[in-house]
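Letter by letter, the chains look like this.
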Amino acid sequence: LAWRVGKDGVARPVRVALLRAGDRVLAMDEAGGIYIDRVMLNIHAHSPLEAEMVTLHYDGGNLSVTADHAVFVDGTFMAAASATVGGTMLVRIDGGGVAK
């Protein structure tokens with residue numbers, strides 16, 4: 001589930017498959033703070049199935065995403081499930097971490 005923020009400013013739970021580009025959702029920054037961000041692309045919009053999740057561990061924390069979620073590792077985009085131990089993963093624009 002994700003938390004979509006309506007025009008009234010209230011966040012409500014919604015299935016990820018229902019999110020569309022431009023929707024406002026609750027997100028979390030690297031310090032654990034909650035903020036509102038916009039959906040850019042939803043590759044799960046047409047999938048009614050539950051997806052396999054993977055967790056990438058890096059020097060700044062953890063990132064749990066679907067196995068086919070695109071991540072930027074070693075200078076290229078790849079499926080999260082393809083990331084390997086020791087690869088350098090971009091986790092924010094002003095820094096990065098090592099995927100373990």
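It should be emphasised that the depicted structure is a prediction, and the values quoted were computed from it without experimental measurement. (Residues numbered from 1 in each chain as written. Predicted model: local features only at pLDDT ≥ 70, side-chain atom pairs only at ≥ 80, totals over all residues. Heavy atoms only, no water.)

1. Some remarks on the pairing of strand 1 (residues 2-5)
Stage number 1. Pairing geometry for strand 1 and strand 2 (residues 11-14), over four bridges, is antiparallel. Bridging across to strand 2, Val 5 finds its partner in Ala 11.
Stage number 2. Taking the residues between adjacent antiparallel strands as the criterion, strand 1 and strand 2 are bridged by five residues, where Gly 9 takes a positive phi near 85 degrees.
Stage number 3. Two elements, strand 1 and strand 3 (residues 24-28), share two bridges in a ladder whose sense is antiparallel. (Pairing = 2+ DSSP bridges. Helix = DSSP H or I, 4+ residues; strand = E, 2+ residues; numbered from the N terminus.)

2. Focus: the sheet that holds strand 3
Stage number 1. Reading across the sheet, the four strands line up as 2-1-3-4 and stay open at both edges, with antiparallel pairing between neighbours. Each edge of the open sheet is held by one strand with a lone partner, namely strand 2 and strand 4 (34-38). Each strand of the sheet is rotated relative to its neighbour by a mean of 45 degrees, with strand direction disregarded. (Axes fitted to C-alpha atoms, helices over the stretch in contact; angles between N-to-C directions.)

As far as function goes, none of this settles anything; it's purely spatial.
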